[in-house]
Each structure stands twice: as C-alpha cells, then as structure tokens.
Amino acid sequence: MKHFFHHVWQKRSQVGPWLFLMLLSGIIFKYTYDAPLTLGQFHHNLPLLLRVVAVALCLWSIYQILMVFFPGLQKYQIKRIGRNRVSLPRDGIVYLLMMTVLFVGSVLSRENMLMLVFAMMTGPFVLNGWITYSMLKQIQLKRLIPQRVMVGETFTAEIILENNKKVLAAHLMEVTDEVINGDDQLSPSVVFRRVGPRQQVSAHYSAKLMRRGIYEFGPLQVSTRYPLGLVKRGAVFSEFSELIVHPQIGRLSSQWADDFFSIAEVAQQSRSRKGVFDDEFNHIREYRTGDSQRAIHWRSSARLGELMVQEYHQNRNYDLIIGLDLWLPAYPSEQQSERMEWAISFIGTLCREHLRYSRDTKLTLVSQGKTLETLEVGIGSQGLEYLLDFLATVQPGKSTVKKEFPRLVAEASTPRSRTVLITTRSEQDVPKRERLQTCFEEPGNELSGQWRLLEADPEILSRWLILENS
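It should be emphasised that the depicted structure is a prediction, and the values quoted were computed from it without experimental measurement.

A. Quick look at the overall build of the protein. Secondary structure assignment for the protein yields 15 helices and 22 strands. A fraction of 74% describes how many contacts in the protein between residues 6 or more apart in sequence connect residues 24 or more apart. As presented, the protein carries roughly 26700 Å² of accessible surface, and 56% of it is formed by carbon and sulfur atoms.

This is the structure in structure tokens:
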C-alpha cells in the first residue's frame, strides 16, 4: 500500500488535473439534487442534462487516470474503438466557426447572400473530408526494428507504407509510432510526401533508448490533412513489436587483471598449457584511459612520442562464478538506482570478456533479486546473448540475503574456479549478521578457489569498468 501511494505521488503532475475534474463533476452532480427547483427555472430538463454531463466527465477522468498508470491498456482500447479517427485541426475549427456564423446569420436575417457564401464554404470542407477518407483506404503499414540493442546505442526503425489503390495516390501521410517501457513513453513520427498507386515506400527514424528492459512498439497511427488542412483523418494499425535493450557494456581495464588474477596466474603459469590464451606477450598498442602504468613500454613510448603499453593475453582457463546480489529498497534514491545499473553493466562486461577469451570453461551466474535465478552459460555468442537478455530484464528485490543464494554460489565453486560477488547493498550500513560477507563465512557456504566481494559503488567499479559515457 505504501508503494502504491508513493507511485501515485510520483504521477501527481499527470493525475492532478483529472482528479480535479472528477471533484468538479461530483460537485455538479450533487448540486443537481440539492437545487433542482432553481435549475428547473431555466429549463425543466436542465438537472438531468447536468447529471449526464457530470457522469461523462467523471468516467472520462477515470479513463485518463488508468491510461497514466497502465499505458499498456491503450492497445486494447484501440482495438475496441476501431481504426478510423476524425479530428479538426485549429484551422478547421476556425473555418467551421465561420460557417456556423454565416448559417445562423442567414437564417436570422433571411439574407440569401449569406446562405450562398455558407454553401460555397461547405464544398471545400466536405471535399477535404472525402479526399482524406479516400487516401486512407487500402493502405498498409509495417515496422522493421532490430531484436536487440544496447543502452545508449542509436538504432534505426523502418516504417513501410504500401498503397494498394489502383488510381489515387497518398499525399502527406504522417505516421506516428508509440514506444513504451514503464514510465518511458516516446512518440516518434515520419512523413511520407507521396506514395503512388500500387507503390511501396519506406521511411526511417532513429532512436536512442537509455533504459534497459523490454520496449513495446505499437500501434502505428497514420493521419493526413491533405489538401486543404481543414479536416484531419487518421487510422490505427495493430502493428506491435518488442525490442530488448541490453545493459550498457564497456570494457575492463588492465588494472582488473592486476588487482585480482595476476598473482594466481603467475603461480599457475608453469602448469598452464601454452597457447594463445596463456599469459604471453601479444603486442604493443597505444595507451588508453584506465590502463595500468606498470604496463607502459617506455622504450617504444620514447621512440614514437606517445605512451605505449604492452598487452598480454590473460590466462582465462578457469571457471567463472558470479554472485549478483541485486537489492533496492522500496523507495530507492537516484544513487541507489545508479548502483544497480553499474552492477549489471559490470557483470555484463565481465561475462563478455570471459566468454571471449575462454576455452573449455564454464560460466555460472547466480542472481538474487526479485527472484532467485541460476544460469549456466556456454562459450559462444549465443550464450552471451542469452545472458544479456537475462540481465536486461532482471529486477531487484528488497528482502535480506536468502539462505539459498550463498549455498548455490558455494556449490558452483571449485578449486579451479574464480568467484566474483557483487552487491548493491552498502556492507557498512547493514547489521553484521545480514552482510553478504558474513553469509559466506557460515559452515557449508565456504567458497573454493579464489574469490572477491565488491560493492556496486560507481567510484569503486570505475577503477576497472570503462564505459563510453562515464
């Protein structure tokens, strides 16, 4: 219940006007019963008319409030109403008011000239409505979008309009798309200048989505005001699609290997197999932000006049175990939400690096959030895609560390495995018995092999994770 009221408070700017309209309709409805005789002096049916208007305003306000909290209901509403829509733009409203004034003036004054002018103005108005209706007949819309993109990545959506009419062309067709993901709602649009008979034309719009998750596209709405702009007629097409937005993936700096795996790999170097995945010199490249200063090759830097570093292939022939403790309170702050996104980006980057340079190894991800999930990912692009799809939709939880979480991580660990635990909790702000570190010190939950616990603090993770926009 507290979470519901908090959600309502966040939407207060959108819901406030409709709540005021509901209150006003309630006052009008009550007044028709409190003073029926006073209203009846103007007209005997005026109280009944005001009650109908008050009920209509109240129902309309409830509908708009539901659309604010549940935007996904729009698709069902559109199917129920139908495809065709008619509206008057500002120019059409002014034109219609002028016609009304001329008609009323001609009736009251009995002037034939005013009636003649009214009749002449009626022709273009009706003709514009007929042309817009004719152009919308026998047209089809289709949308083509990629299946997956990454947060902050610009992608292109293609809208295809097909005119199946034999003679009449379609002019100035504006197509508007709907993109929804929770609170995010976008309305990109494209304009087709002319689509000839039996012709198919495509247009494109570009978008950049900044929140991971599943975005729902649709429906497609097409409208036109051609040729006079007095009448706007549109149609709605039930063309729906989904796009998975992966978390932002960066790259690991060389300090990650220095801080976590270099000591163990030096000790195991004599036992490791030789090959392209061993700790051997690979090449010299230019210095990048985040590279360790110990890797700088000073002789090459002096010769070329810029900093150069030595790059080695890390020995990645080990099983990687990742424990992700994804926690958020009921009312998270902006900093807490940022910690969660950094944790997911760091896990995605770490998994990609491991799957890219590994062979004959296994990757296990144990996630504790809204649900407890265990994923075993194989080497290859399909395994990485499956993992990123999971990270795109994983939701945080607000409970304490579950007993099954450390047990599953401990069961997956082996002497040849490396375990990385990352939590969005602040280990110093919770009681010692609830800390993630304490859970793995209990009997039966001890981890085998090398392991490390990290807090998902952007200042900490930025030492090893390099994002393009960080």
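B. How the structure looks around the packing of aromatic side chains. All chains considered together, the criterion is met by 9 aromatic pairs. Here Tyr95 and Phe125 contribute two aromatic rings whose centre-to-centre distance is 6.3 Å and whose plane-to-plane angle is 5 degrees, an arrangement assigned as stacked. One end of the pair, Tyr95, is in helix α6 (residues 90-109); the other, Phe125, is in helix α7 (residues 112-136), with 30 residues separating them in the sequence. The exposure classification of Tyr95 matches that of Phe125, with both residues buried. The interplanar angle of 75 degrees and the centroid separation of 5.8 Å between the aromatic rings of Trp256 and Trp464 together place this pair among those described as edge-to-face. A residue pair is termed long-range when its members are at least 10 positions apart, and Trp256 in helix α8 (residues 254-260) and Trp464 in the loop between α15 (458-461) and β22 (465-466) qualify at 208 residues. You'll find Trp256 and Trp464 in the same group, each marked buried.

C. How the structure looks around the pairing of strand β17 (residues 319-325). Burial of β17 is extensive: 7 of the 7 residues sit out of reach of the surface. Burial along β17 is two-sided: Asp319, Ile321, Gly323 and Asp325 facing one way and Leu320, Ile322 and Leu324 facing the other are all buried. Across 7 bridges, β17 lies against strand β20 (residues 417-423) in parallel orientation. What sits directly across from Gly323, in β20, is Leu421. As defined by bridge partners, β17 adjoins strand β18 (residues 363-368) across 6 bridges and the pair is classed as parallel. Bridge assignment links Gly323 to a residue of β18, and that residue is Val366. Taking the sense of rotation as the criterion, the β-α-β connection linking β17, helix α11 (residues 334-357) and β18 turns out right-handed.

D. Representation of the environment of Asp184. If you trace the backbone, Asp184 turns up in strand β7 (residues 184-186). Aside from chain neighbours lying at most four places away, what touches Asp184 is Val179, Arg211 and Tyr215. Side-chain polar atoms of Asp184 contact the side chain of Tyr215, separated by 3.5 Å.

How each quantity is defined
Residues numbered from 1 in each chain as written. Predicted model: local features only at pLDDT ≥ 70, side-chain atom pairs only at ≥ 80, totals over all residues. Heavy atoms only, no water. Helix = DSSP H or I, 4+ residues; strand = E, 2+ residues; numbered from the N terminus. Contact = heavy atoms within 4.5 Å. Areas by Shrake-Rupley, 256 points an atom, 1.4 Å probe, with all protein chains shown as cover. Phe/Tyr/Trp six-rings, centres within 6.5 Å; stacked < 30°, edge-to-face > 60°. Buried < 20%, exposed > 50% of the residue type's maximum accessible area, 1.4 Å probe, protein only. Pairing = 2+ DSSP bridges. Right-handed = clockwise from strand over helix to strand, strands pointing away. Polar contact = N/O pair within 3.5 Å; in protein donor to acceptor, adjacent residues only side chain to side chain.

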